[in-house]
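Observations on the three-dimensional arrangement
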Number of protein chains: 2
Amino acid sequence: MSIALRQHFEEIITLTDAEFDYILSYFTPKKLKKHQFLVQEGDAVTNEYFVVSGLLKAAYTNEAGKEHIIQFAMENWWITDYQAVANQSKANLNIDCMEEVDLLCISFADKNKLCDEFHKIEHFFRIKTGLGYIALQKRILSLLNNDAQSRYEQLLKQYPALFQRVPKSLIASFLGVSRETLSRFSRKNQD
Amino acid sequence: MSIALRQHFEEIITLTDAEFDYILSYFTPKKLKKHQFLVQEGDAVTNEYFVVSGLLKAAYTNEAGKEHIIQFAMENWWITDYQAVANQSKANLNIDCMEEVDLLCISFADKNKLCDEFHKIEHFFRIKTGLGYIALQKRILSLLNNDAQSRYEQLLKQYPALFQRVPKSLIASFLGVSRETLSRFSRKNQD
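Figured I'd write up the structure that's included with this text. (Residues numbered from 1 in each chain as written. Chains lettered and ligands numbered in written order. Predicted model: local features only at pLDDT ≥ 70, side-chain atom pairs only at ≥ 80, totals over all residues. Heavy atoms only, no water.)

To continue, consider helix α8 (residues 168–175) of chain B. All names here are of chain B. Across the 8 residues that make up α8, a large majority, 6, are buried. Residues L170, I171, A172, S173, F174 and L175 constitute the buried set of α8. In the segment just after α8, G176 is the residue with positive phi, at about 75°. (Buried < 20%, exposed > 50% of the residue type's maximum accessible area, 1.4 Å probe, protein only. Helix = DSSP H or I, 4+ residues; strand = E, 2+ residues; numbered from the N terminus.)

And the structure:
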(Lines give C-alpha, C1' and ligand atoms only; values in the text may rest on other atoms or scores of the structure.)
Protein backbone atom coordinates (compact mmCIF):
# COMPACT_ATOMS: atom_id res chain seq x y z
CA MET A 1 0.00 0.00 0.00
CA SER A 2 2.80 2.36 0.86
CA ILE A 3 4.31 2.09 -2.65
CA ALA A 4 1.31 3.93 -4.10
CA LEU A 5 1.79 6.82 -1.65
CA ARG A 6 5.52 7.03 -2.29
CA GLN A 7 5.02 7.07 -6.06
CA HIS A 8 2.37 9.74 -5.60
CA PHE A 9 4.73 12.01 -3.63
CA GLU A 10 7.53 11.34 -6.09
CA GLU A 11 5.47 12.71 -8.98
CA ILE A 12 6.47 16.10 -7.56
CA ILE A 13 9.26 15.66 -4.96
CA THR A 14 11.97 13.12 -4.13
CA LEU A 15 12.25 11.42 -0.75
CA THR A 16 14.94 9.24 0.78
CA ASP A 17 13.89 5.85 2.20
CA ALA A 18 14.34 7.18 5.72
CA GLU A 19 12.26 10.28 5.03
CA PHE A 20 9.48 8.27 3.46
CA ASP A 21 9.41 5.74 6.33
CA TYR A 22 9.16 8.60 8.81
CA ILE A 23 6.35 10.27 6.83
CA LEU A 24 4.53 6.96 6.40
CA SER A 25 4.59 6.43 10.17
CA TYR A 26 1.98 9.23 10.44
CA PHE A 27 -0.47 7.39 8.17
CA THR A 28 -2.85 4.63 9.31
CA PRO A 29 -4.31 2.09 6.87
CA LYS A 30 -8.09 1.89 6.71
CA LYS A 31 -10.20 -0.63 4.79
CA LEU A 32 -13.90 -0.17 4.07
CA LYS A 33 -16.41 -2.28 2.20
CA LYS A 34 -18.65 -1.17 -0.62
CA HIS A 35 -21.58 0.96 0.69
CA GLN A 36 -19.82 1.81 3.98
CA PHE A 37 -19.52 5.48 4.93
CA LEU A 38 -16.15 7.09 5.54
CA VAL A 39 -17.69 10.38 6.72
CA GLN A 40 -21.33 11.04 7.56
CA GLU A 41 -23.10 14.39 7.82
CA GLY A 42 -22.70 15.63 11.38
CA ASP A 43 -19.43 13.78 12.08
CA ALA A 44 -16.42 15.59 13.46
CA VAL A 45 -13.78 15.68 10.67
CA THR A 46 -10.13 15.52 11.67
CA ASN A 47 -8.59 13.35 8.94
CA GLU A 48 -7.70 13.45 5.27
CA TYR A 49 -7.59 10.22 3.22
CA PHE A 50 -5.34 9.05 0.41
CA VAL A 51 -7.00 6.47 -1.84
CA VAL A 52 -4.77 3.44 -2.47
CA SER A 53 -7.50 1.48 -4.26
CA GLY A 54 -11.24 1.67 -4.76
CA LEU A 55 -13.68 4.46 -5.42
CA LEU A 56 -15.58 6.90 -3.17
CA LYS A 57 -17.86 9.87 -3.62
CA ALA A 58 -18.39 12.98 -1.51
CA ALA A 59 -21.90 14.38 -1.76
CA TYR A 60 -24.21 16.92 -0.21
CA THR A 61 -27.84 16.00 0.37
CA ASN A 62 -30.13 19.02 0.18
CA GLU A 63 -33.30 19.59 2.18
CA ALA A 64 -35.45 17.94 -0.46
CA GLY A 65 -33.26 14.81 -0.21
CA LYS A 66 -31.55 15.37 -3.56
CA GLU A 67 -27.88 14.38 -3.65
CA HIS A 68 -25.25 16.62 -5.28
CA ILE A 69 -21.87 15.00 -5.91
CA ILE A 70 -19.01 17.35 -5.16
CA GLN A 71 -16.18 14.88 -5.79
CA PHE A 72 -15.31 11.34 -6.82
CA ALA A 73 -12.03 9.92 -5.54
CA MET A 74 -10.16 6.90 -6.78
CA GLU A 75 -6.54 5.69 -6.82
CA ASN A 76 -4.00 8.44 -5.97
CA TRP A 77 -6.58 11.00 -4.98
CA TRP A 78 -7.19 12.71 -1.63
CA ILE A 79 -10.60 13.11 -0.04
CA THR A 80 -12.26 14.56 3.05
CA ASP A 81 -14.81 17.28 3.94
CA TYR A 82 -12.34 20.17 3.56
CA GLN A 83 -14.85 22.85 4.47
CA ALA A 84 -15.69 21.16 7.78
CA VAL A 85 -11.99 20.95 8.61
CA ALA A 86 -11.33 24.60 7.75
CA ASN A 87 -14.34 25.86 9.73
CA GLN A 88 -13.83 23.33 12.52
CA SER A 89 -17.48 22.47 12.05
CA LYS A 90 -19.28 19.14 11.70
CA ALA A 91 -19.35 17.40 8.31
CA ASN A 92 -21.85 18.74 5.75
CA LEU A 93 -21.00 15.98 3.32
CA ASN A 94 -21.47 12.23 3.18
CA ILE A 95 -18.48 10.31 1.84
CA ASP A 96 -19.29 6.72 0.94
CA CYS A 97 -17.55 3.82 -0.75
CA MET A 98 -18.75 2.81 -4.19
CA GLU A 99 -16.30 -0.10 -4.17
CA GLU A 100 -14.24 -1.77 -1.45
CA VAL A 101 -11.51 0.76 -0.60
CA ASP A 102 -8.02 0.78 0.86
CA LEU A 103 -7.10 4.15 2.33
CA LEU A 104 -4.19 5.75 4.10
CA CYS A 105 -5.45 8.12 6.74
CA ILE A 106 -3.62 11.12 8.24
CA SER A 107 -4.92 13.67 10.74
CA PHE A 108 -4.78 17.34 9.77
CA ALA A 109 -2.63 18.01 12.82
CA ASP A 110 -0.08 15.46 11.56
CA LYS A 111 -0.28 16.71 7.98
CA ASN A 112 0.51 20.22 9.21
CA LYS A 113 3.34 18.84 11.35
CA LEU A 114 4.87 17.07 8.33
CA CYS A 115 4.50 20.23 6.22
CA ASP A 116 6.30 22.08 8.97
CA GLU A 117 9.11 19.54 9.32
CA PHE A 118 9.66 18.98 5.57
CA HIS A 119 9.69 21.96 3.26
CA LYS A 120 9.27 19.58 0.33
CA ILE A 121 6.07 18.09 1.76
CA GLU A 122 4.68 21.62 2.11
CA HIS A 123 5.71 22.18 -1.53
CA PHE A 124 3.98 18.96 -2.60
CA PHE A 125 0.69 19.99 -1.04
CA ARG A 126 0.90 23.58 -2.35
CA ILE A 127 1.26 22.27 -5.89
CA LYS A 128 -1.47 19.61 -5.48
CA THR A 129 -3.91 22.12 -3.96
CA GLY A 130 -3.17 24.58 -6.77
CA LEU A 131 -4.03 21.95 -9.38
CA GLY A 132 -7.24 21.17 -7.51
CA TYR A 133 -8.12 24.89 -7.46
CA ILE A 134 -7.72 25.14 -11.23
CA ALA A 135 -9.88 22.04 -11.81
CA LEU A 136 -12.66 23.57 -9.70
CA GLN A 137 -12.47 26.91 -11.56
CA LYS A 138 -12.92 24.96 -14.79
CA ARG A 139 -15.95 23.13 -13.39
CA ILE A 140 -17.50 26.45 -12.24
CA LEU A 141 -17.04 27.98 -15.68
CA SER A 142 -18.76 25.06 -17.31
CA LEU A 143 -21.60 25.21 -14.75
CA LEU A 144 -22.04 28.96 -15.37
CA ASN A 145 -21.90 28.39 -19.10
CA ASN A 146 -24.49 25.65 -18.66
CA ASP A 147 -22.29 23.53 -20.87
CA ALA A 148 -22.97 20.01 -19.67
CA GLN A 149 -21.46 18.54 -22.82
CA SER A 150 -18.05 20.07 -22.00
CA ARG A 151 -18.33 18.92 -18.35
CA TYR A 152 -19.02 15.43 -19.67
CA GLU A 153 -16.01 15.52 -21.98
CA GLN A 154 -13.79 16.99 -19.25
CA LEU A 155 -14.75 14.18 -16.86
CA LEU A 156 -14.29 11.52 -19.54
CA LYS A 157 -10.82 12.87 -20.30
CA GLN A 158 -9.83 13.28 -16.65
CA TYR A 159 -11.21 9.96 -15.38
CA PRO A 160 -11.94 7.59 -18.27
CA ALA A 161 -12.11 4.65 -15.80
CA LEU A 162 -14.96 6.34 -13.92
CA PHE A 163 -17.40 5.60 -16.72
CA GLN A 164 -16.85 1.86 -16.29
CA ARG A 165 -17.00 1.99 -12.51
CA VAL A 166 -19.82 4.41 -11.65
CA PRO A 167 -23.56 4.03 -12.36
CA LYS A 168 -24.74 6.49 -15.02
CA SER A 169 -27.19 8.10 -12.60
CA LEU A 170 -24.29 9.23 -10.38
CA ILE A 171 -22.28 10.56 -13.30
CA ALA A 172 -25.38 12.59 -14.20
CA SER A 173 -25.60 13.89 -10.63
CA PHE A 174 -21.94 14.95 -10.68
CA LEU A 175 -22.46 16.80 -13.95
CA GLY A 176 -25.71 18.39 -12.81
CA VAL A 177 -27.70 16.97 -15.75
CA SER A 178 -30.56 14.50 -16.12
CA ARG A 179 -29.94 10.82 -16.83
CA GLU A 180 -31.51 11.36 -20.29
CA THR A 181 -29.16 14.21 -21.22
CA LEU A 182 -26.21 12.05 -20.19
CA SER A 183 -27.35 9.21 -22.47
CA ARG A 184 -27.51 11.66 -25.35
CA PHE A 185 -23.86 12.64 -24.73
CA SER A 186 -22.63 9.07 -24.55
CA ARG A 187 -24.44 8.15 -27.78
CA LYS A 188 -22.84 11.20 -29.45
CA ASN A 189 -19.46 10.11 -28.14
CA GLN A 190 -19.80 6.66 -29.65
CA ASP A 191 -20.63 8.07 -33.10
CA MET B 1 1.75 50.00 -1.18
CA SER B 2 4.15 47.53 0.35
CA ILE B 3 2.46 47.81 3.77
CA ALA B 4 -0.66 46.11 2.39
CA LEU B 5 1.40 43.17 1.11
CA ARG B 6 3.33 42.83 4.36
CA GLN B 7 0.14 42.87 6.44
CA HIS B 8 -1.34 40.30 4.08
CA PHE B 9 1.60 37.89 4.54
CA GLU B 10 1.57 38.51 8.27
CA GLU B 11 -2.01 37.27 8.59
CA ILE B 12 -0.41 33.82 8.36
CA ILE B 13 3.38 34.09 8.79
CA THR B 14 5.88 36.51 10.36
CA LEU B 15 8.70 38.14 8.40
CA THR B 16 11.71 40.18 9.50
CA ASP B 17 12.22 43.58 7.84
CA ALA B 18 15.14 42.17 5.86
CA GLU B 19 13.15 39.17 4.67
CA PHE B 20 10.23 41.33 3.63
CA ASP B 21 12.46 43.78 1.75
CA TYR B 22 14.06 40.90 -0.12
CA ILE B 23 10.67 39.39 -0.98
CA LEU B 24 9.28 42.77 -2.04
CA SER B 25 12.20 43.23 -4.43
CA TYR B 26 10.62 40.53 -6.64
CA PHE B 27 7.36 42.50 -7.00
CA THR B 28 6.79 45.32 -9.50
CA PRO B 29 4.09 47.96 -8.97
CA LYS B 30 1.53 48.34 -11.74
CA LYS B 31 -1.21 50.95 -12.04
CA LEU B 32 -4.17 50.67 -14.38
CA LYS B 33 -7.15 52.92 -15.04
CA LYS B 34 -10.78 51.94 -14.94
CA HIS B 35 -11.78 49.90 -18.04
CA GLN B 36 -8.17 48.90 -18.86
CA PHE B 37 -7.40 45.23 -19.32
CA LEU B 38 -4.80 43.47 -17.17
CA VAL B 39 -5.05 40.22 -19.18
CA GLN B 40 -6.80 39.69 -22.50
CA GLU B 41 -7.88 36.40 -24.07
CA GLY B 42 -4.96 35.09 -26.12
CA ASP B 43 -2.24 36.82 -24.05
CA ALA B 44 0.70 34.84 -22.69
CA VAL B 45 0.28 34.69 -18.89
CA THR B 46 3.41 34.69 -16.75
CA ASN B 47 2.43 36.85 -13.77
CA GLU B 48 0.22 36.79 -10.71
CA TYR B 49 -1.13 40.05 -9.24
CA PHE B 50 -1.77 41.18 -5.68
CA VAL B 51 -4.45 43.88 -5.44
CA VAL B 52 -3.37 46.83 -3.26
CA SER B 53 -6.41 48.92 -4.16
CA GLY B 54 -9.22 48.89 -6.66
CA LEU B 55 -11.42 46.20 -8.14
CA LEU B 56 -11.06 43.79 -11.08
CA LYS B 57 -12.98 40.94 -12.59
CA ALA B 58 -11.85 37.80 -14.41
CA ALA B 59 -14.38 36.55 -16.93
CA TYR B 60 -14.80 34.08 -19.74
CA THR B 61 -16.70 35.12 -22.86
CA ASN B 62 -18.46 32.20 -24.53
CA GLU B 63 -19.02 31.71 -28.25
CA ALA B 64 -22.36 33.51 -28.12
CA GLY B 65 -20.62 36.53 -26.57
CA LYS B 66 -22.07 35.96 -23.10
CA GLU B 67 -19.70 36.82 -20.25
CA HIS B 68 -19.32 34.51 -17.22
CA ILE B 69 -17.53 35.99 -14.24
CA ILE B 70 -15.20 33.52 -12.58
CA GLN B 71 -13.74 35.90 -9.99
CA PHE B 72 -13.81 39.41 -8.60
CA ALA B 73 -10.66 40.68 -6.90
CA MET B 74 -10.27 43.64 -4.62
CA GLU B 75 -7.89 44.71 -1.85
CA ASN B 76 -5.71 41.85 -0.52
CA TRP B 77 -6.74 39.38 -3.17
CA TRP B 78 -4.64 37.62 -5.83
CA ILE B 79 -5.69 37.33 -9.45
CA THR B 80 -4.49 35.88 -12.75
CA ASP B 81 -5.57 33.26 -15.30
CA TYR B 82 -4.37 30.28 -13.24
CA GLN B 83 -5.40 27.69 -15.79
CA ALA B 84 -3.37 29.35 -18.54
CA VAL B 85 -0.33 29.40 -16.26
CA ALA B 86 -0.72 25.73 -15.27
CA ASN B 87 -1.20 24.57 -18.87
CA GLN B 88 1.35 27.04 -20.26
CA SER B 89 -1.35 28.04 -22.71
CA LYS B 90 -2.64 31.45 -23.79
CA ALA B 91 -5.20 33.24 -21.60
CA ASN B 92 -8.80 32.05 -21.86
CA LEU B 93 -10.00 34.82 -19.59
CA ASN B 94 -10.26 38.58 -19.79
CA ILE B 95 -9.26 40.40 -16.61
CA ASP B 96 -10.33 44.05 -16.57
CA CYS B 97 -10.36 46.90 -14.10
CA MET B 98 -13.71 48.01 -12.75
CA GLU B 99 -11.99 50.83 -10.85
CA GLU B 100 -8.52 52.37 -11.02
CA VAL B 101 -6.20 49.72 -9.56
CA ASP B 102 -2.84 49.53 -7.85
CA LEU B 103 -1.26 46.11 -8.17
CA LEU B 104 1.92 44.35 -7.14
CA CYS B 105 3.01 41.99 -9.86
CA ILE B 106 5.22 38.90 -9.51
CA SER B 107 6.18 36.36 -12.15
CA PHE B 108 5.37 32.70 -11.48
CA ALA B 109 9.06 31.88 -11.84
CA ASP B 110 9.87 34.35 -9.05
CA LYS B 111 6.96 33.19 -6.89
CA ASN B 112 8.27 29.63 -7.15
CA LYS B 113 11.79 30.85 -6.39
CA LEU B 114 10.57 32.63 -3.23
CA CYS B 115 8.58 29.53 -2.19
CA ASP B 116 11.76 27.54 -2.65
CA GLU B 117 13.96 29.97 -0.69
CA PHE B 118 11.51 30.58 2.17
CA HIS B 119 9.65 27.65 3.64
CA LYS B 120 7.25 30.09 5.29
CA ILE B 121 6.31 31.68 1.95
CA GLU B 122 5.54 28.21 0.60
CA HIS B 123 3.43 27.67 3.74
CA PHE B 124 1.62 30.97 3.19
CA PHE B 125 0.61 30.04 -0.36
CA ARG B 126 -0.38 26.46 0.60
CA ILE B 127 -2.78 27.83 3.21
CA LYS B 128 -4.15 30.59 0.92
CA THR B 129 -4.68 28.15 -1.96
CA GLY B 130 -6.42 25.70 0.37
CA LEU B 131 -8.87 28.42 1.46
CA GLY B 132 -9.50 29.30 -2.17
CA TYR B 133 -10.17 25.62 -2.95
CA ILE B 134 -12.79 25.41 -0.20
CA ALA B 135 -14.52 28.60 -1.40
CA LEU B 136 -14.77 27.15 -4.92
CA GLN B 137 -16.20 23.83 -3.63
CA LYS B 138 -18.87 25.87 -1.83
CA ARG B 139 -19.70 27.78 -5.02
CA ILE B 140 -19.96 24.51 -7.00
CA LEU B 141 -22.33 23.03 -4.44
CA SER B 142 -24.58 26.04 -4.61
CA LEU B 143 -24.50 25.95 -8.45
CA LEU B 144 -25.39 22.22 -8.46
CA ASN B 145 -28.10 22.87 -5.90
CA ASN B 146 -29.36 25.70 -8.10
CA ASP B 147 -29.52 27.77 -4.95
CA ALA B 148 -28.91 31.29 -6.18
CA GLN B 149 -30.27 32.77 -2.96
CA SER B 150 -27.49 31.11 -0.95
CA ARG B 151 -24.85 32.19 -3.51
CA TYR B 152 -26.15 35.74 -3.11
CA GLU B 153 -25.96 35.57 0.68
CA GLN B 154 -22.51 33.96 0.56
CA LEU B 155 -21.20 36.77 -1.67
CA LEU B 156 -22.84 39.46 0.47
CA LYS B 157 -21.21 37.99 3.58
CA GLN B 158 -17.81 37.47 1.95
CA TYR B 159 -17.61 40.83 0.13
CA PRO B 160 -20.18 43.28 1.50
CA ALA B 161 -18.29 46.15 -0.18
CA LEU B 162 -18.78 44.54 -3.60
CA PHE B 163 -22.47 45.44 -3.61
CA GLN B 164 -21.63 49.13 -3.41
CA ARG B 165 -18.86 48.93 -5.98
CA VAL B 166 -20.15 46.61 -8.72
CA PRO B 167 -23.10 47.16 -11.09
CA LYS B 168 -25.98 44.79 -10.29
CA SER B 169 -25.80 43.25 -13.77
CA LEU B 170 -22.27 41.96 -13.05
CA ILE B 171 -23.24 40.61 -9.64
CA ALA B 172 -26.02 38.72 -11.43
CA SER B 173 -23.51 37.35 -13.96
CA PHE B 174 -21.20 36.15 -11.16
CA LEU B 175 -24.11 34.39 -9.46
CA GLY B 176 -25.42 32.92 -12.70
CA VAL B 177 -28.90 34.46 -12.27
CA SER B 178 -30.94 37.05 -14.15
CA ARG B 179 -30.93 40.72 -13.14
CA GLU B 180 -34.61 40.31 -12.09
CA THR B 181 -33.90 37.39 -9.76
CA LEU B 182 -31.10 39.40 -8.17
CA SER B 183 -33.45 42.35 -7.50
CA ARG B 184 -35.85 39.96 -5.78
CA PHE B 185 -33.04 38.82 -3.44
CA SER B 186 -31.94 42.34 -2.56
CA ARG B 187 -35.53 43.39 -1.81
CA LYS B 188 -35.90 40.33 0.44
CA ASN B 189 -32.68 41.26 2.20
CA GLN B 190 -33.90 44.77 2.96
CA ASP B 191 -37.13 43.50 4.57
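We now examine the sheet that holds strand β5 (residues 67–73) of chain B. Here we have 4 strands laid out as an open sheet, ordered β2-β7-β4-β5 (chain B), and antiparallel in their pairing. Two strands bound the open sheet, and with one partner strand each, they are β2 (37–39) and β5 of chain B. Within this sheet the neighbouring strands show an average axis-to-axis angle of 30°, counted without direction. Direction of pairing for strand β4 (residues 56–61) of chain B relative to strand β7 (residues 94–97) of chain B: antiparallel, over a ladder of 4 bridges. Residue B:L56 lies in a different strand from β7(B), and its bridge partner there is B:C97. Of the strands in this sheet, β4 and β5 of chain B are in contact with helix α5 (residues 119–144) of chain A, which crosses β5(B) at around 140°. On the sheet, α8(B) packs against β4 and β5 of chain B and is oriented at approximately 100° with respect to β5(B). (Pairing = 2+ DSSP bridges. Axes fitted to C-alpha atoms, helices over the stretch in contact; angles between N-to-C directions. Contact = heavy atoms within 4.5 Å.)

What follows deals with the interface of chain B and chain A. Size of an interface, as often reported, equals the accessible area lost when the parts are brought together. Listed by partner, the interface residues are 38 residues for chain B and 38 residues for chain A. Overall, the association of chain B and chain A removes approximately 3,700 Å² of surface from exposure, summing both partners, and the carbon and sulfur fraction of that is 69%. In terms of surface lost to chain A, no three residues of chain B exceed B:R126, B:Y133 and B:L144, which account for 20% of the buried area on that side. Here chain B is connected to chain A by 2 salt bridges. B:R126 is the partner of A:E122 in a salt bridge, and the nearest nitrogen-oxygen pair spans 2.6 Å. Across the chain B-chain A interface, the total number found is 16 residue pairs in polar contact (both at pLDDT 80 or more). Elements that contribute at least two residues to the side of chain B that touches chain A include exactly β5, α3 (82–87), α4 (108–117), α5 (119–144) and α8 of chain B. Across the side of chain B that touches chain A, the residue classes tally to 18 nonpolar, 14 polar and 6 charged. (Buried area = accessible area lost by both parts, 1.4 Å probe. Salt bridge = Lys/Arg side-chain N within 4 Å of Asp/Glu carboxyl O. Polar contact = N/O pair within 3.5 Å; in protein donor to acceptor, adjacent residues only side chain to side chain. Nonpolar A, V, L, I, M, F, W, Y, C, P; charged D, E, K, R; others polar.)

Another point: the environment of B:S173. With respect to the element layout, B:S173 can be found in helix α8. Under the relative-accessibility criterion, B:S173 is labelled buried at 15%. In this structure the C-alpha to C-alpha distance between B:S173 and B:K90, which are 83 residues apart in sequence, comes to 24 Å. Those residues within four positions of B:S173 in sequence are excluded, and the remaining contacts are A:L144, B:E67, B:H68 and B:I69.

Quick look at the nonpolar core now. If you look at the biggest cluster of nonpolar residues, it comprises 98 residues, and the most contacted ones within it are A:F9, A:I121, B:F9 and B:I121. Those residues in contact with A:I121, other than ones at most four positions away along the chain, are A:F9, A:I13, A:L15, A:I23, A:L114 and A:C115. (Core = buried A, V, L, I, M, F, W, Y, C linked by side-chain atoms within 4.5 Å.)

Our focus in this paragraph is the relation of the copies chain B and chain A. Take chain B, turn it by 180°, move it 0.0 Å along the axis, and it overlays chain A with an RMSD of 0.0 Å. Such a turn and shift between the copies fits a two-fold axis. Among all residues of chain B, the one whose C-alpha sits closest to the rotation axis is B:R126, at a distance of 2.2 Å. When you check the interface residues of chain B against chain A, 100% turn up at the interface there too, and the contact is symmetric in its surfaces. (Least-squares fit on C-alpha atoms with pLDDT ≥ 70 in both.)

Glancing now at the packing of aromatic side chains. Within this structure, the stated rule accounts for 26 aromatic pairs over all chains. Their ring planes at 50° and their centres at 5.8 Å tell us that B:Y22 and B:F118 sit as a pair that is tilted. Here B:F118 lies in the loop between α4 and α5 and B:Y22 lies in helix α2 (residues 17–24), a separation of 96 residues in the sequence. With a centroid separation of 5.4 Å and an interplanar angle of 85°, the aromatic rings of B:Y152 and B:F163 are classed as edge-to-face. Of the two residues, B:Y152 is situated in helix α6 (residues 148–158) and B:F163 in helix α7 (residues 162–165); the sequence distance between them amounts to 11 residues. Among the aromatic side chains, those forming a connected cluster through ring pairs are A:F9, A:F27, A:F50, A:W78, A:F124 and A:F125. Taking the ring centre of A:F174 as reference, the NZ or CZ of A:R139 above it sits at 3.8 Å. (Phe/Tyr/Trp six-rings, centres within 6.5 Å; stacked < 30°, edge-to-face > 60°. Lys NZ or Arg CZ within 6 Å of the ring centre and 35° of its normal.)

Right, let's talk about the pattern of salt bridges for a bit. Taken as a whole, this structure holds 24 salt bridges over all chains when the rule is applied. In this structure, the salt-bridge partner of B:R165 is B:E99, at a minimum N-O distance of 2.8 Å. Taken as a pair, B:R165 in helix α7 and B:E99 in the loop between β7 and β8 (101–107) lie far apart in primary sequence, 66 residues in all. Classification of B:R165 as partly exposed rests on a relative accessible area of 26%. One continuous salt-bridge network, built from bridges that share partners, spans A:R6, A:E10 and A:D17.

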